[in-house]
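# Coordinates in review
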Amino acid sequence: MEEFDPAQKRTIMLKVNGADHQCEVDVRMHLADCLRGELGLTGTHVGCEHGVCGACTVLVDGRSARSCLMLAVQGNGHEISTVEGLANPADPLHPIQQAFHDLHGLQCGYCTPGILMSVAELLAEDPDPSEATVRDVLSGHLCRCTGYQNIVAATLRAAHMLKARPDHGHAG
């Protein structure tokens, strides 16, 4: 039986925010560390490193995932979306980001990227969520600076803004 070498490296292919990337990663490297260290996408924050706080939330094939719990090698061949890819290059802010800005849905900003990605997933699946639905989604995120009221209001405003877009608001 072959002995496992914990320092093994693997070459993986990731599609991040629409761009293809080839990375050589340690098999133990978390996706968050790959995104931040290998690809320079520092918008994905690492908070608790236990999957509890939600700061590291990204979308993997359109579904939210805690990138501090997912190994980079598990992302091989998958499409990853981070906060850097939320707005398209022609627009300075995505409607979700604009709503958060307008309604003061962030303070220190540490948790915000993960929240924005969960909101993007929510609004892609449910373009007209109830306040209760928004609060349920936000229950997977810890924000120590706000009482969540402005975050909820910003999410509901973003839903309205997205519905008003000519493309009917696809959140991604």
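The coordinates are above.
Bear in mind that the values here come from a model prediction, so they are computed numbers and not experimental data.

### Comments concerning unusual backbone geometry
Even without being a glycine, Asp61 presents a positive backbone phi close to 55°. If you trace the backbone, Asp61 turns up in the loop between β3 (57–60) and β4 (63–66).

### Re the sheet that holds strand β5 (residues 79–81)
Strand order across the open sheet formed by five strands is β2-β1-β5-β3-β4, with mixed pairing between neighbours. Where the open sheet ends on each side, the last strands, each with one partner, are β2 (19–26) and β4. Neighbour-to-neighbour, the strand axes of the sheet open up by a mean angle of 40°, direction not taken into account. Strand direction decides the pairing type here: strand β1 (residues 9–16) and β2, joined by eight bridges, are antiparallel. Paired with Met13 across the bridge in β2 is Gln22.

### With respect to the side chain of His141
With respect to the helices and strands, His141 occurs in the loop between α4 (131–138) and α5 (149–163). With a relative accessible area of 2%, His141 lands in the buried category. Within the structure, His141 has its side chain in polar contact with the backbone oxygen of Gly54 (distance 3.3 Å).

### Observations concerning the side chain of Thr44
Tracing the backbone shows Thr44 in the loop between α1 (31–38) and β3. Given a relative accessible area of 2%, Thr44 falls into the buried group. In this structure, Thr44 is in contact with Ala32, Leu35, Arg36, Cys56, Val58, Ser67, Thr82 and Glu84, ignoring residues within four places of it in sequence.

### Examining the nonpolar core
With 24 residues, the main nonpolar core has Ile96, Phe100, Ile115, Leu123 and Ile151 as its most contacted residues. Looking at this core, the elements with two or more residues in it are α2 (95–102), α3 (112–125), α4 and α5. The biggest single contributor to this core is α3, with seven residues. One finds Val16, Leu35, Leu41 and Ala65 within the second-largest nonpolar core, a separate group that totals 17 residues.

### Re the state of the cysteines
By the definition in use, this model includes zero disulfides. Free cysteine: Cys48, not disulfide-bonded; nearest cysteine sulfur from Cys53 at 3.8 Å. The partly exposed category is assigned to Cys48, whose relative accessible area is 25%. Cys56 carries a free sulfur, and the closest cysteine sulfur to it, the one in Cys68, is 3.6 Å from it.

Cut-offs used in this document
Residues numbered from 1 in each chain as written. Predicted model: local features only at pLDDT ≥ 70, side-chain atom pairs only at ≥ 80, totals over all residues. Heavy atoms only, no water. Helix = DSSP H or I, 4+ residues; strand = E, 2+ residues; numbered from the N terminus. Pairing = 2+ DSSP bridges. Axes fitted to C-alpha atoms, helices over the stretch in contact; angles between N-to-C directions. Buried < 20%, exposed > 50% of the residue type's maximum accessible area, 1.4 Å probe, protein only. Polar contact = N/O pair within 3.5 Å; in protein donor to acceptor, adjacent residues only side chain to side chain. Contact = heavy atoms within 4.5 Å. Core = buried A, V, L, I, M, F, W, Y, C linked by side-chain atoms within 4.5 Å. Disulfide = S-S within 2.5 Å.

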